[in-house]
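The lines below spell out each chain.
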Amino acid sequence: MNAQPLYDLAPVLELMAFGLLLALGPLCWVWWRNRGTGPSRRLQALCVLTLFLTFDLVLFGAFTRLTDSGLGCPDWPGCYGTSSPVLAHAQISEAQAAMPTGPVTHGKAWVEMIHRYLATTVGVLIIAMTVMSWQQALAARRAGRPEEARGAMSPWWPTFTLIWVCMQGALGAWTVTWKLFPAIVTLHLLGGTGLLALLAIPASAMSLKQAGQWPALIGKGVRAALWVCLVLLVVQVSLGGWVSTNYAVLACSTFPTCQGSWWPAMDFAQALQIWRPLGLLADGNSISFEALTAIHYTHRLMAYVVILALAGLWMAMGHAPALSRQRRLLGFFAVLQVLTGLSNVVLDWPLVAAVLHTGGAAALVTIVVWSLTATRSAVSPTTTQRPA
């Protein structure tokens, strides 16, 4: 069997066409649901729907990683130079026969390709958002209404989001061609979380505009707490991605201690070697169990800090009635994160809990970004309404 090239662009046009076909469903739904409304309302609906589908994509990306399906197709962007595992049936069968529990099986190939199909669909929707926003901005300028051209979302925002999603595509390609290089896979996870934030900002802003509302004024302390929690969440998502991509979840199988100790044997020097292949160090030696323990325990220690910060934010948001909905969601997902994090340790990393743990982290980032977009700092901490 000849070696399959890591990059094979033969099916790229077919994959693009398939992504466009899949995206027609959400696009038609947006147009039908908002028939008779203006272009701004349709753009807002498209942005919210794209945010929802991107969250689904992040969840399915976690499922792909956790089922070891990241190399289900050993090339990119297709599967053995084809657009579907059906067309690559012979090659997949040969690889599976040679290694039945290996990285390439029919099931893993389908999981990997469905993830790519979903990613292509989200990319098409973001292209549609970009085109629509520029059309609206240019039409408003030609009509002599520059204030409408600015609107609730500058056309440069979806343009930047489109560039971001292209970078995500590149990281997805390198995830495959670099054989699950931990730093690349972690950056891919962070990129997906960042994409959610980029979509949450205009979705929130345009929803407020469509409702005829301004961002609520809240105390500066609550705003500061939101920013602190956002930074901590990004750090914790990075650490969590590093745990997952290094398969260090089971380095500690007890809680609250690890390996029966409050401070187990750990090798932080190896744990902090970022640019290295999966399972190896920069010098080619295998990474030690002590390093995997350090990776896991660092994430656990940071989790205590994040949970305390989120608890403080939850209490502070009680003084901002405009954030009552976000506060309820924040509390729910914070509790979910604790429960799924514990179950990953004590129940031997169950798949459902692991996927939900990734989703919960992404949801918390999205909720905090939504809260920041929907509010502004008040001149006085007691001010709750926008002055006339």
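Cut-offs used in this document
- Residues numbered from 1 in each chain as written.
- Predicted model: local features only at pLDDT ≥ 70, side-chain atom pairs only at ≥ 80, totals over all residues.
- Heavy atoms only, no water.
- Helix = DSSP H or I, 4+ residues; strand = E, 2+ residues; numbered from the N terminus.
- Buried < 20%, exposed > 50% of the residue type's maximum accessible area, 1.4 Å probe, protein only.
- Contact = heavy atoms within 4.5 Å.
- Areas by Shrake-Rupley, 256 points an atom, 1.4 Å probe, with all protein chains shown as cover.
- Lys, Arg positive; Asp, Glu negative; His and termini not counted.
- Charge placed at Lys NZ, Arg CZ, Asp CG, Glu CD.
- Core = buried A, V, L, I, M, F, W, Y, C linked by side-chain atoms within 4.5 Å.
- Disulfide = S-S within 2.5 Å.
- pLDDT = per-residue confidence, 0-100.
- Patch = residues over 30% accessible without salt bridge, like charges linked within 9 Å, V, L, I, M, F, W, Y side chains within 5 Å.
- Salt bridge = Lys/Arg side-chain N within 4 Å of Asp/Glu carboxyl O.
- Polar contact = N/O pair within 3.5 Å; in protein donor to acceptor, adjacent residues only side chain to side chain.

Participant: Quick one: what's the story with the overall build of the chain, residue by residue and with numbers?
Facilitator: Helix and strand counts for the chain come out as 12 helices and four strands. If you line up the chain on its principal axes, its C-alpha atoms span 70 × 55 × 30 Å. Counting all 388 residues of the chain, 48% fall into the buried class. Contacts in the chain between residues far apart in sequence, at least 24 positions, make up 79% of those at least 6 positions apart. Of the roughly 18700 Å² that the chain leaves accessible, carbon and sulfur atoms contribute 70%. Distance between charge centres in the chain, computed from 22 positive and 13 negative side chains, equals 22 Å.

Participant: Can you lay out the nonpolar core for me, pointing to particular residues and giving the numbers?
Facilitator: As a rule of thumb, soluble globular proteins bury nonpolar side chains together. Counting residues in hydrophobic clusters, the biggest one holds 56 residues, and the most contacted among them are Leu-46, Leu-310, Leu-330 and Val-368. Looking at this core, the elements that each hand over two or more residues are helix H1 (12-33), helix H2 (39-66), helix H4 (106-142), helix H7 (182-210), helix H8 (220-245), helix H10 (289-317), helix H11 (324-346) and helix H12 (351-373). Sort the elements by how many residues they give to this core and H12 lands first, with nine residues. The contact partners of Leu-310, leaving out residues within four places of it in the chain, are Cys-229, Leu-233, Leu-330, Ala-334 and Leu-364. Counting residues in hydrophobic clusters, the runner-up holds 20 residues, among them Phe-181, Cys-252, Ala-271 and Leu-292.

Participant: For the state of the cysteines, give the residues involved together with the corresponding values.
Facilitator: Two cysteines, two sulfur atoms, one covalent bond between them: this is a disulfide. On inspection of all chains with the given rule, the structure shows two disulfides. The disulfide bridge from Cys-73 ends at Cys-79, spanning 2.1 Å between sulfur atoms. Taking the torsion about the sulfur-sulfur bond, which here is approximately -85°, the covalent link between Cys-73 and Cys-79 counts as left-handed. Relative accessible area serves as the criterion here: at 0%, Cys-73 is assigned to the buried category. Using a relative accessible area of 0% as the deciding quantity, one classes Cys-79 as buried. Sulfur-sulfur distance for the disulfide between Cys-252 and Cys-258 comes to 1.8 Å. Taking the sign of the S-S torsion, about -75° here, the bridge from Cys-252 to Cys-258 comes out left-handed. The class of Cys-252 is buried, set by a relative accessible area of 0%. Overall, Cys-258 belongs to the buried group, its relative accessible area being 0%. In the chain, numbering the disulfide-bonded cysteines from first to last in sequence yields the connectivity 1-2, 3-4. Cys-28 takes part in no disulfide bond, and the closest cysteine sulfur to it belongs to Cys-47, at a distance of 19 Å.

Participant: I'd like a description of unusual backbone geometry, backed by residues and values.
Facilitator: In this model, Trp-76 is joined to Pro-77 through a cis peptide bond whose omega is 10°. Tracing the chain through its elements places Pro-77 in strand S2 (residues 76-77). The phi dihedral of Lys-179 is positive, around 60°, even though this residue is not glycine. With respect to the element layout, Lys-179 can be found in the loop between helix H6 (156-177) and H7.

Participant: With reference to specific residues and values, describe the environment of Val-185.
Facilitator: Within the secondary structure, Val-185 is located in helix H7. On a C-alpha basis, the gap between Val-185 and Leu-51 in space is 21 Å, while along the polypeptide they are 134 residues apart. Excluding residues that lie within four positions of it along the chain, Val-185 makes contacts with Arg-65, Thr-175, Leu-180 and Thr-245.

Participant: Account for the confidence of the model for the chain, naming residues and giving values.
Facilitator: Confidence along the chain averages 93 in pLDDT terms, with 95% of residues attaining 70 or more. When the elements of the chain are averaged for pLDDT, helix H5 (residues 146-150) gives the smallest value, 58, and H10 the largest, 98. For the stretch residues 380-388, pLDDT sits under 50, and the model shows nine contacts to residues farther than four places along the chain or on other chains.

Participant: Let's hear about the environment of Val-249: which residues, and what values?
Facilitator: Turning to its location among the elements, Val-249 is positioned in the loop between H8 and helix H9 (268-271). Beyond its immediate chain neighbours, meaning those up to four positions away, Val-249 contacts Val-243, His-296, Asn-344 and Trp-349.

Participant: So, a nonpolar patch on the surface: which residues are in play, and what are the values?
Facilitator: Together, Phe-255, Trp-263, Phe-268, Leu-272, Leu-301, Tyr-304, Val-346 and Leu-347 line one region of the surface with nonpolar side chains, adding up to about 810 Å² of accessible area. Structurally, Leu-347 can be placed in the loop between H11 and H12.

Participant: Help me get a handle on the side chain of Arg-42, residues and values and all.
Facilitator: Mapped onto the elements of the fold, Arg-42 is located in helix H2. Polar side-chain contacts of Arg-42 include one of 2.8 Å to the backbone oxygen of Thr-37.

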